[in-house]
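Fold and geometry: a report
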Amino acid sequence: MLRIHDTLRDELVELIPRVDGEISLYACGPTVYDHPHLGHARQAMTYDVARRYLEWAGWRVHHVANITDIDDNIINRANREGVSDTEIAETWTAVYLEVMDDLGILPPHDRPKATEYVDEMIEFISTLIERDTAYVTDSGVYLRVRSVEGYGDLVHRTVDELAEGAGTRVEVDETKEDPLDFALWKAAKPNEPTWDSPWGPGRPGWHIECVAMSLGILGDDFDLHGGGNDLVFPHHTNERAEAIAAGRSFSRYWMHNAMLNIDGEKMSKSLQNYTTVRDLLDEDPRNARALRLALLQTHYRKILEINPEILETARAGIDRMDAMVRKATAAGVDIDGAELDADAAESFSEAMDHDFGTPEAMAIVFEQVRRANGAIDAGEPEAAVAAKTAIELAGALGLTIGGDTGENDGAEDDAEIDSLVAERTAAKADRDFATADRIRDELAARGVVIEDTPHGPIWRRG
RNA sequence: GCGCCGGUGCCCGAGCGGCCCAAGGGAACGGCCUGCAAAGCCGUACAGUCGCGGGUUCAAAUCCCGCCCGGCGCUCCA
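Structural notes, computed from the coordinates. (Residues numbered from 1 in each chain as written. Chains lettered and ligands numbered in written order. Predicted model: local features only at pLDDT ≥ 70, side-chain atom pairs only at ≥ 80, totals over all residues. Heavy atoms only, no water.)

Scanning chain A for helices and strands turns up 15 helices and 15 strands. In terms of overall dimensions, chain A has a C-alpha envelope of 90 × 50 × 35 Å along the principal axes. Looking at chain A residue by residue over its 462 residues, the buried ones come to 50%. Within chain A, contacts between residues separated by at least 24 positions form 75% of all contacts whose residues are at least 6 apart in sequence. When the 46 basic and 89 acidic side-chain charges of chain A are each reduced to a single mean position, those positions are 3 Å apart. (Helix = DSSP H or I, 4+ residues; strand = E, 2+ residues; numbered from the N terminus. Buried < 20%, exposed > 50% of the residue type's maximum accessible area, 1.4 Å probe, protein only. Contact = heavy atoms within 4.5 Å. Lys, Arg positive; Asp, Glu negative; His and termini not counted. Charge placed at Lys NZ, Arg CZ, Asp CG, Glu CD.)

Written out as structure tokens, the structure reads:
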């Protein structure tokens with residue numbers, strides 16, 4: 001039984017999908033106008049892990065993640081740089097996709113762009129106007145928020161509670177009937193891209209795109225809608241309002257990942273305290289996996305403090321897992337031919353079925369690592385099963401251990417290192433430990449660590 | 001102000017009323033292994049008050065109330 005924490009009901013509920021055995025998932029993606037930062041990585045990884053696990057567990061998953069390629073931030077940057085908004089969007093979309101790939105994020109089954117769905121949005125807005133839940137003014141088209149029943153349910157606030165905050169921090173458009181009402185369509189302004197519409201040239205509001213794309217691709221009553229918890233209000237609240245106002249069944253369940261903190265503060269653009277994913281990956285090629293491990297070891301709904309120490313800790317964990325596989329391989333353990341440990345796999349599934357309990361799931365993986373190490377040392381046959389299980393379960397969460405991780409691509413001196421290691425082995429055989437240690441120090445200076453095993457030395461870049 | 005979330009060992013972090021004298025990772029210490037290391041395994045100290053104070057219960061880190069501290073949202077934001 002798969003249970004998740006549903007934001008709307010605010011409790012743990014069993015996920016009963018629209019179609020048996022099949023889960024449709026819509027995860028809100030980024031607005032592309034700058035380098036993706038670690039928060040984007042957490043968001044993407046949260047749903048990547050969910051999708052991978054569900055598929056591993058035998059569900060058919062339809063994963064949709066959009067790209068918002070038209071909005072104020074994009075237009076502002078385009079005007080600032082004197083280029084077209086399309087150019088900005090395309091440039092940063094490419095960067096985003098590349099970074100996601102480097103992070104080991106599986107491409108979603110569909111990756112729609114807002115600008116590809118303008119027709120659908122216009123049609124949707126027309127419906128809302130026909131139903132009299134939206135109205136046209138000189139500045140655009142607005143949704144009549146108070147006409148939507150349960151508008152604030154997702155944030156667990158009443159409309160009046162929300163009204164208290166509305167307009168206190170943002171200038172209210174005078175033409176709106178109510179400060180809570182929000183734009184479905186924005187009338188054309190100078191220096192902005194526009195599309196034709198029944199209400200004159202303009203561009204879509206922020207929230208309408210996700211409704212058009214999610215319902216357009218996954219259909220009514222799709223299963224799971226996710227995103228960062230900063231989207232609960234207003235973005236998801238407004239998406240939901242639009243769908244309700246149109247009389248459409250929207251997502252059955254909502255899940256939201258927590259933010260990332262840096263130095264005890266929320267990481268955000270405005271605070272200028274963010275780290276780009278690119279910088280992190282450039283720092284150390286192992287960081288893609290280290291970041292994934294760090295994320296997995298904290299529950300997705302809990303704020304994660306991210307800093308260099310956390311990543312260092314995670315890298316040590318990755319090294320530990322890799323070392324086990326190296327040792328098993330050196331010892332000739334037949335991992336591929338081994339069975340999965342059924343008990344461990346079951347505990348793992350239990351942990352994951354409980355609102356994606358990745359910290360507990362990783363604890364199970366590490367237990368297998370320890371078991372494997374012990375069995376390898378003792379020459380026991382269960383080494384293969386434990387190693388296989390660790391690799392398989394970590395892999396189910398997108399974490400590759402051992403094997404070719406591609407992290408040392410570009411290092412061309414393998415042969416040279418091999419020969420130095422062989423020299424050291426020869427020196428050791430002659431009990432010329434001075435020479436052996438000198439070679440070991442030399443290699444260490446180059447970042448290469450030698451590990452002696454009963455089956456001969458192995459080495460790694462540390 | 002209104003609302004939400006969190007405070008668990010040296011650090012990070014599980015924990016969903018009994019299986020918790022509290023997982024897992026990192027760091028530390030001791031032992032085994034090693035020519036010495038590294039890696040690994042075993043063991044140990046760390047949480048004798050799970051922020052503090054009450055309460056509910058046969059039973060609470062886990063539920064309720066109050067308080068303190070921190071973070072976040074109410075604004076573009078993953």
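Quick look at the nonpolar core now. By size, the foremost hydrophobic cluster in this structure holds 80 residues, and its most contacted members are Leu103, Met321 and Phe348. A domain-level breakdown of this core finds at least three residues from each of domain 1 (3-261) and domain 2 (284-294 + 302-396). With residues near it in sequence (within four places) discarded, Met321 still touches Leu293, Met362, Val365, Phe366, Val369, Leu399 and Ile401. Grouped together as the second largest cluster of nonpolar side chains are 42 residues, Val141, Cys210, Leu218 and Ala246 included. (Core = buried A, V, L, I, M, F, W, Y, C linked by side-chain atoms within 4.5 Å. Domains from an automatic or database assignment.)

Take the packing of aromatic side chains next. Evaluation of the coordinates by the stated rule reveals eight aromatic pairs. Grouping aromatic residues by their ring pairs yields a cluster made of Tyr53, Trp56 and Phe348. (Phe/Tyr/Trp six-rings, centres within 6.5 Å; stacked < 30°, edge-to-face > 60°.)

A few words now on the sheet that holds strand 10 (residues 253-257). Consider a sheet: its strands pair through backbone hydrogen bonds, and that pairing is either parallel or antiparallel. Across the sheet, which stays open at both edges, the four strands sit in the order 4-3-9-10 with parallel pairing between neighbours. The sheet terminates laterally at strand 4 (60-65) and strand 10, the two strands that pair on one side only. Within this sheet the neighbouring strands show an average axis-to-axis angle of 20°, counted without direction. The strands touched by helix 1 (residues 38-56) are strand 3 (22-27), strand 4, strand 9 (224-228) and strand 10; relative to strand 10, the strand with the most contacts, the crossing angle is about 130°. In the packing of helix 7 (residues 232-245) onto the sheet, the strands contacted are strand 9 and strand 10, and the crossing angle to strand 9 comes to about 155°. (Pairing = 2+ DSSP bridges. Axes fitted to C-alpha atoms, helices over the stretch in contact; angles between N-to-C directions.)

Turning to the sheet that holds strand 7 (residues 182-187), a few remarks are in order. On the basis of which strands lie adjacent, the open sheet formed by four strands has the order 5-6-7-8 and antiparallel pairing. The sheet terminates laterally at strand 5 (134-137) and strand 8 (202-204), the two strands that pair on one side only. The mean angle between the axes of side-by-side strands here comes to 20°, regardless of whether they run parallel or antiparallel. The pairing of strand 6 (residues 140-143) with strand 7 spans four bridges and is antiparallel. Pairing of Val141 across the sheet is with Trp185, part of strand 7. Contacts between helix 4 (residues 118-130) and the sheet are confined to strand 5, strand 6, strand 7 and strand 8, with strand 7 contributing the most and set at about 120° to the helix.

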